[in-house]
Amino acid sequence: MGTLADYLDTNAPRRNPPYRPLATIDAEERERLQDRIGGPDNYASDVLQQMILEDPEDLEYKRALASSIVSAEYAGIDAFGRNVARWEDQPVPDGLIHAMVRQTWDEVRHARLGTELLEHYGGTLGEYPDTLAGSSDAATQTDDERRAMRIRQLNPVVSLSSVNVGVEGAALRLFSGVSRLGERVGDQMMRHVYDYNWADEVVHVSIGDWFLKKIAEDRPETEAMALRAQGMTEAGRVQVRRNVSEQVKLEVREFMEGETDRASSVLVGPLSDGYEPDR
Amino acid sequence: MTYRIIADPCINCGMCRLSCPTGAIRYFSTGKRLHVVDEDWCIDCDICRQVCPVDCITVHSDVQPAPEQRALAQDRAHDFARRGREIRTLVYEAITPVLERRRGVAAADSIVREEQR
């Protein structure tokens, strides 16, 4: 009999109805979004926040924002819960497994808070698409997505760096922004819910950072792997994020170009300018 | 004056780096999982200290960048603010028709409800 992780992998989760990532919704659903919030392009947290600011009384924008956030919380429960099983076979401290259990429980709490907030606005789960394209639902994933997700989940360093620090670090900005928005428009429920989430995200980033410091201590290659994983996560995000300074974009881009050169150099030898990989 | 990040309590969340209007906070270019303020580009705006979730950024009055460098950094901050305004305007222009249409529908609904009473 194999490990629990293998067993879980052969029993990939299937939602019914399946996850509906925004990028793959059908024409009918696009039309519905057009009617409700002006189109799929507006189903983005920064745009929805501005819509709420302009028209705080229109609950449709609040329903859309709450839906976009809560769908990611449900995906988080599945992802972090699987880490608990997958990492039992990895050389990681026991404390990290316990931390993942706590993190899974936090996501459950966020999902509950988010669902009730959505219902408070008169909405229901599933009326808007899911925001995480890389859900763990095998039915809606491409082969590349599945491969990338498996690497991320099986390697604790990559997972902690890209998800706990990279993704959850970005969630800090989202939650503090939405909580502040709630305060500005006089929506105390919104302010409270996302303030709770924000506090948990600080813990999640701290968990990731603390264990990375511990695992990578005196291991420069492991630290480089962690930086690279975070760089890949950020590279995609900062290019589309509208209010990040050009210098930050440049730093991430230069780092990733350097990493690509290093990887090619390892594979095919030094480049013509004499560049040697830093091994 | 400048700001410094205390490495030990820093959780490397990147809030300071992504909020800095002059891009003065380095991370990837340090080659380690370490956030560092480039004192030459710091304009003392205090944003990094305010957004830090673990209060690990301290103020140091002993450092004074050269006036020319300070002027360059301020130009960067102005560019950042101008771009932010332009982006907000673009988003506003994109969402205005939706807001107006929905306001119109809501107003019509309320008239119908009023008449039904």
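Remember, predicted model here, so these are calculated numbers, not experimental data.

This next bit is on the overall build of chain A. Tallying secondary structure elements over chain A gives ten helices and zero strands in all. Traced from its N-terminal end to its C-terminal end, chain A shows the element sequence α-α-α-α-α-α-α-α-α-α. Here chain A, with 279 residues, has 41% of them falling under the buried criterion. Look at the contacts in chain A between residues 6 or more apart in sequence, and 68% of them connect residues 24 or more apart.

Residue and element names in this part refer to chain A. Remark: helix α8 (residues 188-216) packs on helix α9 (residues 220-240), axes separated minimally by 8 Å, with the N-to-C direction vectors making an angle of 150°. Residue-level contacts link L212, I215 and A216 of α8 to T222, E223 and A226 of α9. By residue class, the composition of the contact of α8 with α9 is four nonpolar, one polar and one charged.

Attention now moves to the interface of chain A and chain B. Each partner contributes residues to the interface: chain A has 33 residues there, and chain B has 29 residues. Looking at the side of chain A that touches chain B, the elements that each hand over two or more residues are α3 (45-54), α7 (156-184), α8, α9 and α10 (246-268) of chain A. Of the residues forming the side of chain A that touches chain B, the biggest block, six residues, is contributed by α10(A).

To continue, consider the confidence of the model for chain B. On average, residues of chain B score 92 in pLDDT, and 100% of them are at 70 or above. Scored as a complex, the prediction yields pTM 0.87 and ipTM 0.88.

Let's shift gears to the environment of N197(A). All names here are of chain A. Among the structural elements, N197 can be located in helix α8. The buried category is assigned to N197, around which 24 C-beta atoms lie within 10 Å. Spatially, the C-alpha atom of N197 lies 10.0 Å from that of L174, the residues being 23 residues apart in sequence. Excluding its chain neighbours within four sequence positions, the residues that come into contact with N197 are H110 and F175.

This paragraph deals with unusual backbone geometry. All names here are of chain B. Although it is not a glycine, D44 sits at a positive phi angle of roughly 60°. Of note, D44 is situated in the loop between β3 (36-37) and α2 (47-51). The backbone of D46 shows a phi angle near 80°, a positive value even though the residue is not glycine. Among the structural elements, D46 can be located in the loop between β3 and α2.

Next up on the list: the environment of H60(B). All names here are of chain B. Tracing the backbone through its elements, the reader meets H60 in strand β4 (residues 57-60). With 12 C-beta atoms packed within 10 Å, H60 lands in the exposed category. When the C-alpha atoms of H60 and Y3 are compared, they prove to be 5.9 Å apart, with 57 residues separating the residues in sequence. H60 has contacts with M1, T2 and R4, leaving out every residue within four places of it along the chain.

Here is what the cut-offs are and how they apply
- Residues numbered from 1 in each chain as written.
- Chains lettered and ligands numbered in written order.
- Predicted model: local features only at pLDDT ≥ 70, side-chain atom pairs only at ≥ 80, totals over all residues.
- Helix = DSSP H or I, 4+ residues; strand = E, 2+ residues; numbered from the N terminus.
- Buried ≥ 20, exposed ≤ 12 C-beta atoms within 10 Å, placed from the backbone.
- Contact = placed C-beta atoms within 7 Å.
- Axes fitted to C-alpha atoms, helices over the stretch in contact; angles between N-to-C directions.
- Nonpolar A, V, L, I, M, F, W, Y, C, P; charged D, E, K, R; others polar.
- pLDDT = per-residue confidence, 0-100.

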